[in-house]
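An overview of the molecular structure
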Amino acid sequence: MERNVVVQLQHGLQARHANQFVQKSSAFNSEISIIKNGRMAAGKGIIGVMALVIRKGEEITLLANGSDEEAAIIALESFLSDRELNALDLH
C-alpha cells in the first residue's frame with residue numbers, strides 16, 4: 001500500500017517527531033518505508049528517517065507491506081498530517 005502525504009508537523013520529521021514516527025511504525029507488523037525525492041528509508045529506523053531531513057510542507061510517500069498495512073498507513077498519515085493528539089506530546 002502506498003500513500004503520498006504532505007508533512008504538517010511544525011518541525012517536520014526531525015528529532016522528537018522522528019522518534020515518535022519510528023515508535024508508531026514499530027507498533028505494526030508491516031514493513032514501513034518512506035520515500036522522499038527518490039531516497040528511501042526504513043520507517044522503523046531512526047537514523048534512516050532522520051537522514052531524509054523531512055521538513056514541514058514537504059511531500060513524502062509512505063509505503064506499507066504486510067498484514068496491517070492499511071491501519072499502518074492510516075495511523076502514520078494521521079500523525080504526519082498533525083491530526084491526532086499524541087500521548088507522547090503530553091510528557
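The structure this text deals with has already been given above.
One structure accompanies this document, and this report is about it. (Residues numbered from 1 in each chain as written. Predicted model: local features only at pLDDT ≥ 70, side-chain atom pairs only at ≥ 80, totals over all residues. Heavy atoms only, no water.)

Tallying secondary structure elements over the chain gives 3 helices and 4 strands in all. Along the chain, from the amino end to the carboxyl end, the secondary structure elements read β-α-β-β-α-β-α. With the principal axes as the frame, the chain shows a C-alpha extent of 30 × 30 × 20 Å. Burial status across the chain gives 41% buried among its 91 residues. For the chain, the proportion of contacts with a sequence separation of at least 24, taken over those separated by at least 6, is 68%. On the chain, roughly 5100 Å² of surface is accessible, and the fraction owed to carbon and sulfur atoms is 51%. In the chain, 9 positive and 11 negative side-chain charges are present, and the distance between their average locations comes to 8 Å. (Helix = DSSP H or I, 4+ residues; strand = E, 2+ residues; numbered from the N terminus. Buried < 20%, exposed > 50% of the residue type's maximum accessible area, 1.4 Å probe, protein only. Contact = heavy atoms within 4.5 Å. Areas by Shrake-Rupley, 256 points an atom, 1.4 Å probe, with all protein chains shown as cover. Lys, Arg positive; Asp, Glu negative; His and termini not counted. Charge placed at Lys NZ, Arg CZ, Asp CG, Glu CD.)

What follows is about the pattern of salt bridges. One pass over the full model with this rule turns up 2 salt bridges. Residue Glu58 pairs with Lys36 through a salt bridge whose shortest N-O separation is 3.2 Å. Linking Glu58 in the loop between α2 (46-51) and β4 (59-65) with Lys36 in strand β2 (residues 31-36), this pair joins segments that are 22 residues apart in sequence. (Salt bridge = Lys/Arg side-chain N within 4 Å of Asp/Glu carboxyl O.)

Mapped onto the elements of the fold, Leu80 is located in helix α3 (residues 69-80). A relative accessible area of 0% places Leu80 in the buried class. Separated by 34 residues in sequence, Leu80 and Ile46 have C-alpha atoms that sit 15 Å apart. Excluding residues within four positions of it along the chain, Leu80 makes contact with Val5, Val6, Val7, Gln8, Leu9, Leu13, Phe21, Ile60 and Leu62.

In this section: α3. Under the 1.5 Å per step criterion, the end-to-end length of α3 is 16 Å for 12 residues, consistent within 8% with the ideal 16 Å. Within α3, the full set of buried residues consists of Ala72, Ile73, Leu76, Glu77, Ser78, Phe79 and Leu80. Of the surrounding secondary structure, the elements contacted by the buried residues of α3 are β1 (2-6), α1 (15-26), β2 and β4. Residue Asp82 follows α3 closely and has a positive phi angle near 60 degrees. (Expected span 1.5 Å × (residues − 1).)

This part covers the pairing of strand β3 (residues 39-42). Moving residue by residue along a regular strand, the side chains alternate between the two faces of the sheet. Alignment of β2 against β3, held across 4 bridges, turns out to be antiparallel. When the sheet's bridge partners are listed, Lys36 is paired in β3 with Arg39. (Pairing = 2+ DSSP bridges.)

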